[in-house]
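What follows is the residue order along each chain.
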Amino acid sequence: MAVLKRYVHFFVTSWLPAYDGRAGRFSLQRLLVMALFWPLFLLVQAINGLGLLLDYLLFPDFRRVQVREPLFVVGVPRSGTTFLHRLLAMDERFTTTALWELLFAPSITQRYFWTAIARLDGWIGRPAGRLLLWIERRLLGGLDGVHKTGLLDPEEDYLALIPVWGCFLLVLAVPVPALWRLTYLDRDGTDKEKQRLIAAYRRFVQRHLYFHGSHKKLLSKNPSFTPWMATLAEAFPDARFIGCVRNPSAAVPSQINSILIGARLFDGRDTTDYWRQGFMAMLDYYYRHVLEVLESLPPERQALSVMEQLAPAPAETVLAFYQRFGWQPGTAFRQRLEAQERKAKQYRSGHHYNSDELGVSPHELAHVFGWVYERFGYPSPNTDEKPL
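A.B. asks: Sorry if this is basic, but what is going on with the overall build of the protein here?
C.D. replies: The secondary structure content of the protein amounts to 18 helices and five strands. Here the contacts in the protein between residues at least 6 apart in sequence split such that 81% fall between residues at least 24 apart. For the protein, the exposed surface amounts to about 19200 Å²; the carbon and sulfur share of it is 59%.

A.B. asks: Just checking my understanding: could you explain the side chain of D186 for this structure?
C.D. replies: Mapped onto the elements, D186 comes out in helix 9 (residues 185-188). K194 provides the closest opposite charge to the buried, unpaired D186, separated from it by 5.0 Å. Here T231 takes part through its side chain, which lies 2.6 Å from a polar atom of the side chain of D186. Looking at D186, its side chain comes within polar contact range of the side chain of H289, at 2.7 Å.

A.B. asks: For this particular structure, what's the right way to read the environment of N247?
C.D. replies: Within the secondary structure layout, N247 lies in the loop between strand 4 (240-245) and helix 12 (248-266). Given a relative accessible area of 4%, N247 falls into the buried group. In this structure the C-alpha to C-alpha distance between N247 and S380, which are 133 residues apart in sequence, comes to 10.0 Å.

A.B. asks: Any chance you could explain the packing of aromatic side chains here in plain terms?
C.D. replies: What describes a pair of aromatic rings is the distance from one ring centre to the other and the angle between the planes of the rings. Considering all chains together, one arrives at 38 aromatic pairs under this definition. Both rings, one in Y7 and one in W165, keep their centres 5.3 Å apart while their planes meet at 75 degrees; by these two values the pair is edge-to-face. Separated by 158 residues along the polypeptide, Y7 in helix 1 (residues 2-14) and W165 in the loop between helix 7 (144-147) and helix 8 (177-180) bring together distant segments of the chain. Y7 sits in the buried class, given a relative accessible area of 15%. On the accessibility criterion, W165 (0% relative accessible area) is buried. Both rings, one in Y201 and one in F225, keep their centres 5.2 Å apart while their planes meet at 90 degrees; by these two values the pair is edge-to-face. Note that Y201 is positioned in helix 10 (residues 191-212) and F225 in the loop between strand 3 (217-221) and helix 11 (229-235), a separation of 24 residues in sequence. Looking at Y201, the relative accessible area reads 1%, which means it is buried. Site record: aromatic cluster; members linked through ring pairs are Y7, F10, F11, W15, F37, W38, F41, W165 and F266.

A.B. asks: So what exactly am I meant to see when it comes to the environment of A263 here?
C.D. replies: Relative to the assigned elements, A263 resides in helix 12. The exposure class assigned to A263 is buried, which follows from its relative accessible area of 5%. In this structure, the C-alpha to C-alpha distance between A263 and W275, residues 12 residues apart in sequence, is 8.5 Å. If near-sequence neighbours (up to four positions away) are discounted, A263 is found in contact with L172, T271 and W275.

A.B. asks: Just to check I follow, could you spell out the side chain of T226 for this structure?
C.D. replies: Within the secondary structure, T226 sits in the loop between strand 3 and helix 11. Discounting chain neighbours no more than four positions away, the residues touching T226 are V74, G75, D186, Y286, H289 and V290.

A.B. asks: Help me understand the nonpolar core in this model?
C.D. replies: Generally speaking, soluble globular proteins have nonpolar side chains that are buried together. W275 and F369 are the most contacted members of the largest nonpolar core, which totals 80 residues. Tallying contributions element by element places helix 13 (residues 272-296) first for this core, with 13 residues. Counting 20 residues, the second-largest nonpolar core is a separate cluster that includes L219, L310, F321 and L337.

A.B. asks: Would you explain the pattern of salt bridges in this entry?
C.D. replies: A side chain of one charge can pair with a side chain of the opposite charge when the charged atoms of the two come close. Scanning the model with the defined rule gives 17 salt bridges in all. The partner of D273 in a salt bridge is R276, with the nearest N and O atoms 3.9 Å apart. Of the two residues, D273 and R276 are both situated in helix 13; the distance of three residues between them amounts to about one turn of the helix. Relative accessible area serves as the criterion here: at 12%, R276 is assigned to the buried category. E364 is paired through a salt bridge with R276; the nearest N and O atoms lie 3.1 Å apart. Placement of E364 in helix 18 (residues 362-376) and of R276 in helix 13 is noted, with a sequence separation of 88 residues between them.

A.B. asks: Could you clarify how one ought to interpret the environment of W228 in this entry?
C.D. replies: Looking at where W228 falls in the secondary structure, it is placed in the loop between strand 3 and helix 11. A residue is classified by how much of its surface remains accessible, and W228, at 2% relative accessible area, is buried. Each C-alpha atom of the pair W228 and Y184 lies 7.6 Å from the other, and the pair is 44 residues apart in sequence. Of the polar contacts made by the side chain of W228, one reaches the backbone oxygen of L182; its length is 3.0 Å.

What counts and what doesn't
Residues numbered from 1 in each chain as written. Predicted model: local features only at pLDDT ≥ 70, side-chain atom pairs only at ≥ 80, totals over all residues. Heavy atoms only, no water. Helix = DSSP H or I, 4+ residues; strand = E, 2+ residues; numbered from the N terminus. Contact = heavy atoms within 4.5 Å. Areas by Shrake-Rupley, 256 points an atom, 1.4 Å probe, with all protein chains shown as cover. Buried < 20%, exposed > 50% of the residue type's maximum accessible area, 1.4 Å probe, protein only. Lys, Arg positive; Asp, Glu negative; His and termini not counted. Salt bridge = Lys/Arg side-chain N within 4 Å of Asp/Glu carboxyl O. Polar contact = N/O pair within 3.5 Å; in protein donor to acceptor, adjacent residues only side chain to side chain. Phe/Tyr/Trp six-rings, centres within 6.5 Å; stacked < 30°, edge-to-face > 60°. Core = buried A, V, L, I, M, F, W, Y, C linked by side-chain atoms within 4.5 Å.

This is the structure we're talking about:
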């Protein structure tokens, strides 16, 4: 019932959101986008909800699956979390979530159904697969410079919490305080809210392991789980955490620009100030919280990844994490890491933005994140030296 009330409240609020704390103003673009968003969103959630219910009937044993030693990659957005996630996903000890599972098959029932359809499609030459790939590139190709992804690629499993409104990304569609509070969950969340979200997440992980193999370790990458770290560490007492950080001069404007790209799709008005202020405060908390929680955990349960060290030496960095966690990397995984290291030396980001247009000045970066520059020895944002 509480989730249903939330759906109704967010549905009503989304049409005229109050970005400045006052009554929402009319935006024709938002009204048109919401008129498309809600029917599609509710249809997908209804189908997914049916699949989740069928799991209890068809695969009831999934509730007995034990979640052992999951690895959470968290930290500041735009700090190499995706790169690290895809490096770690090459190790066959892990299982991680693909985008198609998160959006269209969170249930075991749906995964078996779509896997069977894919197998049939393969027998006749993959006409549906090729069409889907063409559609995927048309829809997602424009985001490659910001966050390259595809339906088969590893993706952030907090998307599995969309049905229970535990996914912060939904703030683009419904910019309300209730979703912003997800970015301060350890600090501001009630015990009831934490228990609700962790219970939903645990069920999703159990389903995932049931389908992919209960002997595997879950690999989860979610910068949005950074403010959930203490809650996750308590819920999964044998979990490991890798926290990622990066020079604020690169990470902060990049993340604000990324969110603005999505915000412009939902609203025709200039909402730059709303997102900039919200994300400046949020990212300051992320930097502080990831370090605070990592330091509170035993050494064998935590590690810190610094983007400026990871990018030029990914294999060396990842192998150091394995040594810290007491894991022995296999020969095949080592070879894959070495191949990725050769590719990394040739990589150039396609994500371009103008910090001045975002309203993120060197002075503000120094004021809010000065302690980060000092702690990690980053050059002052007032210098002309360009961050990695």
